[in-house]
Amino acid sequence: MMSTNFSHQDIVELLGAFALDAVDDDERDVIEAHLAGCPRCRAEVEGHRETAALLAHSGERAPENVWDRIAEALDEAPPALDLTRLTPRRPAAPRTIPLRMAAVTMAVAAAVTLFLGVALGRNDDGRLGRLEEQITALQKPAVANAAYAALADPKAEHVELASVDGKGTARVVRLPDGTGYLVPANLPKLPAGRVYQLWAVRSDAKISLGVLGAAPEVTAFRMNGPVAAYAVTDEAAGGVAQSQNQPVVVGYVKA
Amino acid sequence: MPADEIRDASDPMLVVAIGRYRQEALAEAYRRHAGAVFALSRRLLIDRNLAEEVVQEVFLRLWHRPEKFDPDRGSLRSFLLAQTHGRSVDILRSEVSRRRREERDARETAEADYDIEHAVVDMAVADDVRQAMAVLPVGERAAIELAYFGGHTYREVAALLDEPEGTVKSRIRSGLRRLRTVLVDTGIGA
């Protein structure tokens, strides 16, 4: 029987079996602890798993009834932060947040402060944050080019966003088809654990257009229908479903 | 990412969109990979209902914990299948242990003989992969099939094949490496 005093060679010999979940629990614990500090062994396990994934390849169709059950379970998941509900695959009411305010004409920006914040459990500083950075780096030129093309489009809706002191600025441009871009000009980098979040403010609701990260780049979003104003808030990492914070920058759509 | 781009998005991009709670990104990941996830789980568990539960669990986990996927550490497919395999084997082993407690040791041998035949003869894999498996020495092939598709530990495989445990764990590892080379040569694993 193996004990906890494995040599490196003992562990290496077990990597194939480990990758196929074919080791005993005590061996698995020892190997997992070892992998945390041994990139070479980790790479070997990853290679074995890729190979195993090829073995599992099969033409079997994904069971549709299972997807229905998954989709049902998602409805109980944390609230969507972004455009999910604006472009629903299945018919569904758009996710809007009712505005508990009678007179809104003067107070669109104040609407941003009206709601209780609901923190979501996703950590933008975690692995997904890194993944997002990698992909953003790849996509950046394409998104930026599209945004600059939109900025030059006379049919687009152009909105300047500014902070109270005028120092922070950003620009939103939205094409008639609903594709929009936020182009941050002077948004200071936020400390760890904080992220910017972009909102479309309507007379009846405030809709999150996405979490922008701590140092936003040009970002694409999608929003159909009239918008009274756009606002960017500073939120806890992960973003919130409803914000009670004052906007960092806000800009009103010209009537 | 507009909705119509989801279908063309790379797997890592889908996971980012899932991180932003976009259900259609999860639906697309499901469309791409749930067939393989289901096939593997069913291969291990035989029972369709149990396999469907594993599929559901694996994709809901992707929805709730998308940050667990690291594209530097492999493909989304292998990430999902590794979870599928681990979960299926957990269920299998708990079922097996329950059954074993009930049936006692006497029947184990008969069960084991059935498993060998089942795992080796009835492989639910694509033809090209079957061919790749065919180039492996018999000992390596049997060890990998029993471990991966049979859900056995290498110790169990050693007992089933009546081989030393050390030999079996070496064969699993050398067989996987050989298979990798063959699959890359044939372009499947490139």
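Since the model is a prediction, treat every value here as computed from it, not as a measurement.

Our next topic: the confidence of the model for chain A. Here chain A averages 74 in pLDDT, while 70% of its residues score no lower than 70. Least confident of the elements in chain A is helix 5 (residues 108-111) of chain A, whose mean pLDDT is 35; most confident is helix 1 (residues 8-19) of chain A, at 96.

Right, let's talk about the pattern of salt bridges for a bit. For side chains bearing opposite charge, pairing can occur when the charged atoms are close. In the structure shown here, the tally under the stated rule is 23 salt bridges over all chains. Of the charged contacts, one joins arginine 28 of chain A and aspartate 25 of chain A as a salt bridge, the two residues approaching to 3.5 Å between their closest N and O atoms. Remark: aspartate 25 of chain A and arginine 28 of chain A occur in helix 2 (residues 25-36); sequence separation between them is three residues, near one turn of the helix. According to the relative accessible area criterion, aspartate 25 of chain A is partly exposed, its value standing at 48%. Among the ionic pairs, glutamate 44 of chain A bridges to arginine 177 of chain B, the shortest N-O distance being 3.7 Å. With glutamate 44 of chain A in helix 3 (residues 39-55) and arginine 177 of chain B in helix 9 (residues 165-185), this pair bridges two chains. The network of salt bridges with shared partners includes Arg7, Asp11, Glu28, Arg31 and Arg32 of chain B.

For the rest of this paragraph, the subject is the side chain of serine 88 of chain B. Note on placement: serine 88 of chain B falls in helix 4 (residues 76-103). Judged by its relative accessible area of 0%, serine 88 of chain B is buried.

Okay, the packing of aromatic side chains next. Going through the model one piece at a time under the given rule, you end up with six aromatic pairs over all chains. Between tyrosine 148 of chain B and phenylalanine 149 of chain B, the ring centres sit 5.1 Å apart and the planes meet at 70°, which makes this aromatic pair edge-to-face. In this pair, the class of tyrosine 148 of chain B matches that of phenylalanine 149 of chain B, namely buried. In textbook terms, an aromatic cluster arises when at least three aromatic residues are bridged by ring pairs, as seen for Trp67 of chain A together with Tyr30 and Phe59 of chain B. Looking at lysine 206 of chain A, its charged tip hangs above the ring of tryptophan 199 of chain A, at a distance of 3.8 Å from the centre.

This brings us to the nonpolar core. Generally speaking, a soluble globular protein has its nonpolar side chains buried in company with each other. The biggest cluster of nonpolar side chains holds 83 residues, and the ones touching the most others in it are Leu20 and Ile70 of chain A together with Leu26, Phe59, Leu62 and Ile172 of chain B. Examining the composition of this core, we find that twelve residues originate from one element, helix 2 (residues 23-45) of chain B, more than from any other. Not counting chain neighbours up to four residues away, the residues in contact with leucine 26 of chain B comprise Trp67, Ile70 and Leu74 of chain A together with Ile18, Phe59, Leu62 and Trp63 of chain B. Core analysis: the next-biggest nonpolar cluster, separate from the first, contains 21 residues, Leu198, Ala200, Val249 and Val253 of chain A among them.

With a phi angle near 55°, aspartate 21 of chain A is a residue other than glycine that sits in the positive phi range. Mapping aspartate 21 of chain A onto the fold places it in the loop between helix 1 and helix 2. Although it is not a glycine, tyrosine 21 of chain B sits at a positive phi angle of roughly 60°. Examined against the element boundaries, tyrosine 21 of chain B turns out to sit in the loop between helix 1 (11-19) and helix 2. You can call tyrosine 21 of chain B buried: its relative accessible area is 2%.

What follows is about the pairing of strand 7 (residues 229-236) of chain A. All names here are of chain A. Burial analysis of strand 7 places six of its eight residues in the buried class, the great majority of the element. By the bridge criterion, eight bridges tie strand 4 (residues 194-201) to strand 7 in an arrangement that is antiparallel. The residue bridging tyrosine 196 from the neighbouring strand is aspartate 234, located in strand 7. As paired strands, strand 7 and strand 8 (residues 249-252) are joined by four bridges and run antiparallel to one another. Looking at the pairing, valine 232 lines up with valine 249 of strand 8.

Moving on, we get to the environment of glycine 35 of chain B. Along the polypeptide, glycine 35 of chain B turns up in helix 2. Distance in space between the C-alpha atoms of glycine 35 of chain B and valine 55 of chain B is 9.1 Å, their sequence separation being 20 residues.

Residues and elements named next belong to chain B. Burial analysis of helix 1 places eight of its nine residues in the buried class, the great majority of the element. Regarding helix 1, the residues found buried are Asp11, Met13, Leu14, Val15, Val16, Ala17, Ile18 and Gly19. Of the residues one or two after helix 1, tyrosine 21 is the one with positive phi, at around 60°.

Residue and element names in this part refer to chain B. Running from N to C, helix 2 and helix 3 (residues 48-64) point in directions that differ by 145°, and their axes come no closer than 8 Å. In the crossing of helix 2 with helix 3, the sense of the turn from one axis to the other is right-handed. Of the residues in helix 3, those touching helix 2 at Gln23, Leu26, Ala29, Tyr30, His33, Ala34, Val37, Phe38, Ser41, Arg42 and Leu45 are Arg48, Leu50, Ala51, Glu52, Val54, Val55, Phe59, Leu62 and Trp63. Split by residue class, the contact of helix 2 with helix 3 holds 14 nonpolar, three polar and three charged.

All names here are of chain B. For chain B, the mean per-residue pLDDT works out to 82, and 78% of the residues sit at or above 70. Ranking the helices and strands of chain B by mean pLDDT puts helix 8 (residues 154-161) first, with 94, and helix 5 (residues 108-121) last, with 44. Contacts of residues 104-124 to residues separated by more than four positions or lying in other chains number 24 contacts, the stretch itself having pLDDT below 50. Complex prediction metrics read pTM 0.58 and ipTM 0.85.

Conventions and cut-offs
- Residues numbered from 1 in each chain as written.
- Chains lettered and ligands numbered in written order.
- Predicted model: local features only at pLDDT ≥ 70, side-chain atom pairs only at ≥ 80, totals over all residues.
- Heavy atoms only, no water.
- pLDDT = per-residue confidence, 0-100.
- Helix = DSSP H or I, 4+ residues; strand = E, 2+ residues; numbered from the N terminus.
- Salt bridge = Lys/Arg side-chain N within 4 Å of Asp/Glu carboxyl O.
- Buried < 20%, exposed > 50% of the residue type's maximum accessible area, 1.4 Å probe, protein only.
- Phe/Tyr/Trp six-rings, centres within 6.5 Å; stacked < 30°, edge-to-face > 60°.
- Lys NZ or Arg CZ within 6 Å of the ring centre and 35° of its normal.
- Core = buried A, V, L, I, M, F, W, Y, C linked by side-chain atoms within 4.5 Å.
- Contact = heavy atoms within 4.5 Å.
- Pairing = 2+ DSSP bridges.
- Axes fitted to C-alpha atoms, helices over the stretch in contact; angles between N-to-C directions.
- Left-handed = near helix turned anticlockwise from the far one by under 90°.
- Nonpolar A, V, L, I, M, F, W, Y, C, P; charged D, E, K, R; others polar.

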